[in-house]
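What follows is the residue order along each chain.
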Amino acid sequence: MCILPLLALVAACSNEPVAELDVYSQANGCFALRAGGRYLAASGTSAGFTASSLQDASSFRLQPADLGTYVLYDAERGYVVADGDGLVRQTELESDMTRTDDDYVSGALWTLNTHSRGGETYALLNERTGRWLATDTTTDTERRAARVTFEAATGCADYPELTLDATGELGRTTWDDGDLYGFVDMHSHLFSNYGFGGAMYHGAPFHPLGVEHALGDCDVAHGEMGKTDFFGYVYDNQGNGGDLEEVLPYMIAGELPFDNHDHHGYPEFTEWPDTNARTTHQTQYYKWLERSYMGGLRLMVQHATSNSVICNITVGEGWSPARYDCEDMTGVDRQLDAAYDMERYIDAQSGGPGQGWFRLVQTPEQARAVIADGKLAVLLGIEVSDLFNCHLTPRPGGPVCDEAHVDEQLAHYYDRGVRVMFPNHKYDNAFTPGDGSDGFIEVGNFINSGHYTNKTEDCPEGIRTVFDGGNVSFSGLLDPRESYMGPPPEDFSELTDDPIETILPFALRLTSGSVEGDYCQNGSFTPIGEYLVDSMMERGMLIEVDHLSEWSYARIFEKLEAADYPAVGTHGNDNNGKLFDLGGTSFGTFGRCHDAANPGSAMNGFNARVQAITDAGNYPSLGFGFDYNGLAHGPRARFGPRSSCTDQESPISYPFTSYDGTVTFTQPHAGERVFDYSNEGMLHIGLIPEYIEDVRKDGATDAELEPLFRSAEGYIRVWEKAVARGADLAR
């Protein structure tokens with residue numbers, strides 16, 4: 001028997017399914033929430049359906065946090081929050097960012113559902129408690145949930161957000177010949193905040209609760225005034241070749257004895273973002289990315305990255321908290337999740353599934369369709385040292401890195417959308433030696449494997465790489481071995497328990513001075529490394545080659561040439577043009593200092609590389625590879641104390657228009673911070689339009705810049721060749 005209140009009788013007793021209601025169009029709207037004859041009201045610390053009229057109801061901004069999930073933000077800047085079984089109003093929220101807890105879910109998140117009792121009403125489910133909004137408080141039963149309708153209201157507060165500082169409608173999507181319009185950033189790290197254990201790198205490109213949580217103060221990660229941000233301090237001030245003797249006493253003490261950097265984020269942003277001086281802070285918030293998208297960015301390669309040694313030291317010493325373990329692939333998995341979450345988040349801001357401008361793609365055909373639709377196509381990649389957990393020195397309980405494991409891992413990450421990958425990064429792994437970087441990175445390589453520096457002066461003739469080759473910083477670590485895969489002489493398995501105490505016995509080796517010479521990594525691809533490369537080619541994946549050692553670099557080009565397979569060199573190497581001969585690509589940059597006596601000379605290097613690509617018979621295009629959030633420095637200032645230029649003219653002035661003339665850019669802001677590109681440089685990814693405008697002011701012509709705005713097309717052509725060759729090789 002069906003016994004229900006009269007008003008619900010028809011809908012609830014009917015066998016007809018309840019029609020699903022729209023749960024997306026409410027995004028960013030201003031509403032009063034009604035349930036029966038009462039309205040939701042919030043004041044002080046209380047919230048509930050206590051108002052008897054629309055005039056007495058609270059007005060709520062429905063701020064989208066995900067597709068169909070909202071924050072109820074009232075006119076007095078408070079939030080309706082589920083707290084246990086109850087309902088409260090709060091003016092400040094905790095989050096996974098403030099608590100450094102990856103499992104924490106805010107009680108301010110409410111998901112709209114079509115109410116099962118019909119009547120074109122909604123039921124609101126709290127994401128933290130799993131309980132439903134009810135007319136009295138909350139309930140664990142959907143059928144007892146408040147039957148909510150939304151009535152248009154006024155007086156809502158604007159939800160905190162950064163300004164775009166750009167206006168206009170996106171214009172061109174293709175050139176007159178039908179080729180895609182727009183440029184590529186072929187090397188990017190949007191989600192480095194989820195690498196390194198999830199906290200050392202501060203700031204997220206988005207957050208369900210908004211900018212206050214995405215870009216809040218960094219003291220939660222770096223301590224008051226950045227005093228525990230040891231990695232940032234050394235890297236920002238001394239680079240990879242820092243003075244270990246100077247910083248070691250501070251490390252033992254547990255914090256710097258002086259202010260390192262101002263920790264204030266939104267809304268002050270006193271010292272960050274700044275990719276040139278505050279490299280452990282987010283530089284690719286989604287609004288900044290959107291600004292460059294409006295300036296012509298149409299293709300991006302998002303690489304998941306991390307570094308287990310840096311993480312284990314900073315977390316083990318208590319300098320930084322952690323969300324999860326420090327293994328590279330843990331960070332990779334979390335970053336891949338975040339990429340899909342960000343796509344959903346931007347969809348939610350834009351009105352529903354598929355509506356956003358940020359689109360993940362898995363095939364060249366998808367990329368072409370997305371860009372032709374005027375949106376940003378995003379490829380997923382991986383750039384870590386311990387790829388697939390294939391450490392040079394296996395971890396206890398770790399995988400056996402054989403062909404079966406490589407097949408399983410490649411299939412798994414291919415299914416997750418990964419199409420671009422480095423076989424290695426900084427450190428030696430089971431596939432190939434690391435990239436040969438010296439300084440502190442080589443110390444990390446020693447710690448990661450227990451093997452001493454494996455470098456000799458027996459290097460391949462005619463091969464130069466980005467990182468391998470040159471002096472050895474720590475002579476006490478130099479001890480080349482006969483067998484690359486041999487057992488390690490040292491054991492760092494206790495590193496996570498007490499990092500400094502574990503490293504201190506090697507202090508004399510680390511203060512023994514350097515060795516001059518042209519040293520390179522003593523080793524090449526292992527048999528399983530060769531199998532990895534072959535398997536990537538058979539899947540049509542794009543292989544990134546610029547972190548290979550000299551011997552591995554020489555070997556991979558033998559394999560690429562034999563297979564007529566293109567590769568990608570996004571740290572700038574082209575192997576004397578061989579990369580282009582195979583149909584591969586690299587990136588270009590503009591000169592920073594302008595020469596008034598030679599207008600347009602800032603384009604010389606860019607133009608020369610375009611010519612080399614064209615001479616190789618390839619599509620005339622050249623994109624960017626900024627490597628932001630990858631501990632990379634960006635274009636620096638031309639004016640002021642941060643500049644090395646002299647006698648500069650024509651600083652950026654506002655407003656200016658995009659290359660295609662359809663978008664107008666105004667002075668960029670972030671909360672209370674005003675960015676001055678001319679005197680500060682390209683501090684974050686949203687200043688790419690200024691980077692392009694600056695070279696135009698030097699005299700760069702539209703014709704000279706055309707290869708840049710054809711670079712999305714050019715990169716996809718490289719990808720298409722890889723897919724086609726992969727299909728042939730797999731037969």
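The structure displayed is predicted, hence computed values, not measured ones. (Residues numbered from 1 in each chain as written. Predicted model: local features only at pLDDT ≥ 70, side-chain atom pairs only at ≥ 80, totals over all residues. Heavy atoms only, no water.)

## Section: the overall build of the protein
We apply this condition: The helix and strand labels rest on DSSP assignments: H or I over at least four residues marks a helix, E over at least two residues marks a strand, and numbering proceeds from the N terminus. For the radius of gyration, the atom set is restricted to C-alpha positions; the globular benchmark scales as 2.2 Å times the number of residues to the power 0.38. Here's how the labels work: a residue is buried when its accessible area is under 20% of the maximum for its type, exposed when over 50%, partly exposed in between, all with a 1.4 Å probe on protein chains only. Should any heavy atoms of two residues lie within 4.5 Å, those residues are considered in contact. Computed with the Shrake-Rupley method and a 1.4 Å probe, the accessible areas treat only the protein chains shown as cover for residues. Charged residues are defined here as Lys and Arg on the positive side and Asp and Glu on the negative side; His and the ends of the chain fall outside this count. A single reference atom marks each charge: NZ on Lys, CZ on Arg, CG on Asp, CD on Glu.
Each helix and strand counted, the protein has 22 helices and 27 strands in total. In terms of C-alpha radius of gyration, the protein reaches 27 Å, essentially the compact-globule figure of 27 Å for 731 residues. Principal axes of the C-alpha set define a box for the protein whose edges measure 90 × 60 × 60 Å. For the protein, buried positions account for 60% of its 731 residues. Considering only intrachain contacts with a sequence separation of at least 6, the fraction spanning at least 24 residues in the protein is 73%. A total of about 27000 Å² of accessible surface is found on the protein, and carbon and sulfur atoms cover 48% of it. Charge-centre separation for the protein: the mean point of 49 positive side chains lies 6 Å from the mean point of 111 negative side chains.

## Comments concerning the pairing of strand β17 (residues 376-383)
Operational definition: A right-handed crossover is one whose linking path, passing over the helix from the first strand to the second, runs clockwise when the strands point away from the viewer. Strands are treated as partners if at least two bridges between them are detected by DSSP.
Buried residues dominate β17, accounting for eight of its eight residues. Here β17 shows a buried face lined by L376, V378, L380 and I382 and a second buried face lined by A377, L379, G381 and E383. A crossover links strand β16 (residues 358-360) with its parallel partner β17, the connecting element being helix α10 (residues 364-372), and its sense is right-handed. Where β17 meets strand β18 (residues 418-421), three bridges bridge the pair, whose relative direction is parallel. Pairing of I382 across the sheet is with M421, part of β18. For the segment spanning β17, helix α11 (residues 403-415) and β18, crossover handedness is right-handed.

## Brief notes about the confidence of the model for the protein
Going by this rule: Predictor confidence is given residue by residue as pLDDT, running from a minimum of 0 to a maximum of 100.
Predicted confidence across the protein gives a mean pLDDT of 95, with 98% of residues reaching 70 or more. Contacts of residues 1-13 to residues separated by more than four positions or lying in other chains number 14 contacts, the stretch itself having pLDDT below 50.

## Considerations on the environment of W110
Where we set the bar: For the purposes of these results, a polar contact is taken to be a pair of N or O atoms within 3.5 Å, where, inside protein, one atom must be able to donate a hydrogen and its partner to accept one; residues adjacent in sequence count only when each atom of the pair is a side-chain atom.
Structurally, W110 is set in strand β8 (residues 109-114). Owing to a relative accessible area of 1%, W110 belongs among the buried residues under this scheme. W110 sits 239 residues away from Q349 along the chain, and the two C-alpha atoms are 15 Å apart. Within polar-contact distance, the side chain of W110 engages the backbone oxygen of V80 at 2.9 Å.

## Digging into the state of the cysteines
Which entries qualify depends on this criterion: For this text, the term disulfide refers to a pair of cysteine sulfurs within 2.5 Å.
Applying the stated criterion across every chain yields a total of five disulfides. Disulfide pairing is shown between C30 and C156; the S-S distance is 2.1 Å. Residues C30 and C156 share a disulfide whose torsion about the S-S bond is about 85°; that sign makes it right-handed. Highlighted residues: C30 in strand β1 (residues 30-35) and C156 in the loop between β12 (148-152) and β13 (166-168), separated in sequence by 126 residues. You'll find C30 and C156 in the same group, each marked buried. A disulfide bridge connects C311 with C326, and the sulfur atoms are separated by 2.0 Å. Here the disulfide of C311 and C326 is left-handed, its torsion about the S-S bond being about -65°.

## Considering the pattern of salt bridges
Here is the rule we go by: Between Lys or Arg on one side and Asp or Glu on the other, a salt bridge is scored when a side-chain nitrogen of the former is within 4 Å of a carboxyl oxygen of the latter.
Tallying each qualifying case throughout the model produces 47 salt bridges. Its salt-bridge partner being D728, residue R731 comes within 2.3 Å of it at the nearest N-O pair. One continuous salt-bridge network, built from bridges that share partners, spans D177, D179, R368, E706, R710, E713, R717 and E720.

## Remarks on unusual backbone geometry
Of note, the bond from Y266 into P267 is cis; its omega dihedral lies within 30 degrees of zero at 0°. Its location among the elements puts P267 in the loop between α6 (244-253) and α7 (286-294). In this structure, P655 follows Y654 across a cis peptide bond, with omega equal to -5°. Locating P655 in the fold gives a position in the loop between α18 (604-615) and β24 (656-657).

## Digging into the side chain of Q284
Looking at the element boundaries, Q284 is found in the loop between α6 and α7. Overall, the relative accessible area of 0% leaves Q284 in the buried class. Not counting residues up to four positions away in its chain, the partners in contact with Q284 are S188, H189, L190, P205, M300, Y628, N629 and I685.

## A short note on the nonpolar core
Applicable threshold: As used in this record, nonpolar core signifies buried Ala, Val, Leu, Ile, Met, Phe, Trp, Tyr and Cys residues forming a set joined through side-chain atoms within 4.5 Å.
By size, the foremost hydrophobic cluster in this structure holds 129 residues, and its most contacted members are L289, F358, F388, F590 and Y715. With eight residues, helix α9 (residues 328-350) is the single largest residue contributor to this core. Residues contacting L289, with those up to four places away along its chain left out, are L190, L297, M300, M342, W357, F358, L376 and I685.

## Regarding a negative patch on the surface
Note the cut-off: A residue counts toward a patch only above 30% relative accessible area and without a salt bridge, and it is joined to like-charged neighbours within 9 Å or, for Val, Leu, Ile, Met, Phe, Trp and Tyr, to nonpolar neighbours within 5 Å.
Residues D491, E494, D497, D498 and E501 make up a contiguous surface patch of negative charge. Along the chain, E494 turns up in the loop between β19 (455-456) and α13 (499-503).

## Some thoughts on the environment of E408
Relative to the helices and strands, E408 resides in helix α11. It is 9.7 Å that separates the C-alpha atoms of E408 and F388, two residues lying 20 residues apart in sequence.

## Here we look at the sheet that holds β13
Counted only if it meets this: Orientation is described by lines fitted to C-alpha atoms, with helices fitted over the stretch in contact, and by angles between N-to-C directions that extend from 0 to 180 degrees.
The strand order across the open sheet built from three strands is β13-β25-β24, with neighbouring strands paired in antiparallel fashion. With one partner strand each, in any of the chains shown, β13 and β24 form the two edges of the open sheet. Of the strand pairs in this sheet, β24 and strand β25 (residues 663-665) are connected by two bridges, and their pairing is antiparallel. Within β25, the residue paired with T657 across the bridge is T664. The strands that α7 touches are β13 and β25; relative to β13, the one it contacts most, it runs at about 45°.

## Focus on the environment of S320
Turning to its location among the elements, S320 is positioned in the loop between α8 (308-316) and α9. Residues S320 and D458, 138 residues apart in the sequence, show an inter-C-alpha distance of 41 Å. Non-local contacts of S320, meaning those with residues more than four positions away in its chain, are made with A199, M200, A221, T314 and V315. A distance of 3.4 Å separates a polar atom in the side chain of S320 from the backbone nitrogen of M200.

## Observations concerning the packing of aromatic side chains
Short version of the rule: Working definition: a ring pair exists when centres of Phe, Tyr or Trp rings (six-membered ring for Trp) sit within 6.5 Å. Plane angles under 30 degrees give stacked, over 60 give edge-to-face, the rest tilted. A ring has a charge above it when a Lys NZ or an Arg CZ is no more than 6 Å from the ring centre and no more than 35 degrees off the ring normal.
Considering all chains together, one arrives at 38 aromatic pairs under this definition. Judged by centre distance (5.8 Å) and plane angle (10°), the rings of F231 and Y235 are stacked. Here Y235 and F231 lie together in helix α5 (residues 230-238), a separation of four residues that amounts to about one turn. Between F446 and F506, the ring centres sit 5.2 Å apart and the planes meet at 85°, which makes this aromatic pair edge-to-face. On the criterion of sequence distance, the pair formed by F446 in helix α12 (residues 440-449) and F506 in the loop between α13 and α14 (507-510) is long-range, its members being 60 residues apart. For the pair F446 and F506, one class covers both residues: buried. Cluster of aromatic residues (ring-pair linked, three or more members): W175, Y181, F183, F590, F606, F624, F626, Y628, Y659, Y691 and F709. Positioned above the aromatic ring of Y414, the side-chain terminus of R419 is 3.5 Å from the ring centre.

## Topic: the side chain of S586
Counting through the fold element by element, S586 comes out in strand β23 (residues 585-586). Using a relative accessible area of 0% as the deciding quantity, one classes S586 as buried. A polar side-chain atom of S586 sits 2.6 Å from the main-chain carbonyl oxygen of G569. A polar contact of 2.9 Å, which involves the side chain of S586, links it to the side chain of R609.

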